[in-house]
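Close look at the chain arrangement
Each chain is listed here by its residues.
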Amino acid sequence: MLVGITGHRPERLGRNWPVVERWIAEKIDEYKSNCGEVGVISGMAQGVDQIAARVAIKKGVGLKCYFPFPHRMSDFEKYAIENAEEVRYEFDKYVPQSYTIRDRRIVDDCDVLLVVWDGVKSGGAYYTYKYALEKGKKVEVFMIPVIGADLNRRPI
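Once a new chain begins, its residue numbering starts again from 1 and follows that chain's sequence as written. Owing to the predicted nature of the model, reporting of local features is limited to residues with pLDDT of at least 70; listing and counting of side-chain atom pairs is limited to 80 or more, with chain, interface and lining totals taken over all residues. Side-chain descriptors were evaluated using all non-hydrogen atoms of the structure, hydrogens and water having been removed beforehand.

Helix and strand labels come from DSSP, where a helix needs a run of H or I of at least four residues and a strand needs a run of E of at least two; each type is numbered from the N terminus. Summing up its helical and strand segments, the chain has six helices and six strands in all. Across the chain, helices and strands are ordered from the amino to the carboxyl terminus as β-α-α-β-α-β-α-β-α-β-α-β. Each radius of gyration reported is based on C-alpha atoms, and the globular scaling rule is 2.2 Å times the count of residues to the power 0.38. For the chain, whose C-alpha radius of gyration is 15 Å, the value lies close to the compact-globule estimate of 15 Å for 156 residues. Based on the C-alpha atoms only, the size of the chain along its principal axes is roughly 40 × 40 × 35 Å. Throughout, exposure labels follow a simple rule: accessible area from a 1.4 Å probe, protein chains only, divided by the maximum for the residue type, with under 20% read as buried, over 50% as exposed, and the rest as partly exposed. Counting every position in the chain, which comprises 156 residues, the buried fraction comes to 49%.

Attention shifts here to the nonpolar core. Judged by nonpolar contacts, the single largest core of 32 residues is most densely connected at Val20, Ile24, Leu63 and Val116. Examining the composition of this core, we find that seven residues originate from one element, helix H3 (residues 48-59), more than from any other. In this description, contact between two residues means that some pair of their heavy atoms is separated by no more than 4.5 Å. Discounting chain neighbours no more than four positions away, the residues touching valine 20 are Leu13, Val48, Ile51, Val116, Phe142 and Ile144. We define the nonpolar core as a collection of buried residues of types Ala, Val, Leu, Ile, Met, Phe, Trp, Tyr and Cys that are connected through side-chain atoms lying within 4.5 Å of one another. Residues Ile106, Val115, Ala132 and Met143 belong to the second largest nonpolar core, which totals 13 residues.

Turning next to the sheet that holds strand E6 (residues 138-143). Strands are labelled as partners when DSSP assigns at least two bridges between them. With respect to topology, six strands assemble into an open sheet ordered E4-E3-E2-E1-E5-E6, the strand pairing being parallel. Whereas interior strands pair on both sides, the edge strands pair on one side only; in this sheet they are strand E4 (86-89) and E6. The average angle at which neighbouring strand axes cross in this sheet is 20 degrees, direction not considered. With four bridges connecting them, strand E3 (residues 62-67) and E4 associate as parallel partners. Lines are fitted to the C-alpha atoms to define the axes, a helix being fitted only along its stretch in contact, and any angle between axes, read from their N-to-C directions, falls within 0 to 180 degrees.

Moving on to the side chain of arginine 102. With respect to the helices and strands, the residue arginine 102 is situated in helix H5 (residues 98-109). Polar contacts, as used here, are pairs of N or O atoms within 3.5 Å; protein pairs need one atom able to donate a hydrogen and one able to accept it. Residues neighboring in sequence count only if both atoms are side-chain atoms. In terms of polar contacts, arginine 102 uses its side chain to reach the side chain of aspartate 103, at 2.7 Å.

Turning next to the packing of helix H2 (residues 17-35) against H3. With their axes 10 Å apart at the nearest point, H2 and H3 run at an angle of 50 degrees to one another. Relative to H3, H2 is oriented oblique. As for the relative orientation of H2 and H3, their crossing is right-handed in sense. Between H2 and H3, the residues in contact are Trp17, Val20, Glu21, Ile24, Ala25, Ile28, Asp29 and Lys32 and Val48, Ile51, Ala52, Arg54, Val55, Lys58 and Lys59, respectively. Here roughly perpendicular refers to angles of 65 to 115 degrees, roughly parallel to angles under 35, roughly antiparallel to angles over 145, and oblique to all remaining angles. A crossing counts as left-handed when the near helix is turned anticlockwise from the far one by less than a right angle, and as right-handed when that turn is clockwise.

In structure tokens:
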């Protein structure tokens, strides 16, 4: 089973980092238990994508790194590439649709999409979520509070 991931970057993720990491780890364990072999497809952006890549490496499941285009890699990206079973670049250089095409590829290639989302209907996570629903993919959503909002309120 291939698990795709989409979610927010650090500025929208806020202090939810540990609970998001735990949720992703629990989902991977659940899929391993139910399906056997599991792989994770990460778009490798900072935030949720890299959390998922880190969890995949820790758990010893296959990691596929889908970059929108080549760029100067962070130390973590280099580490992930060294531990990945597949690394792909959608384009040779930046083009305006780089991220959208990468995100659609993740959805097209996965069996289930994990979405870490604050409920705000804008941005890459939201559009990737909508695309997955349009494609009829299984989608599981972990809602996080909107940054700056009442943390006891869950967005819809």
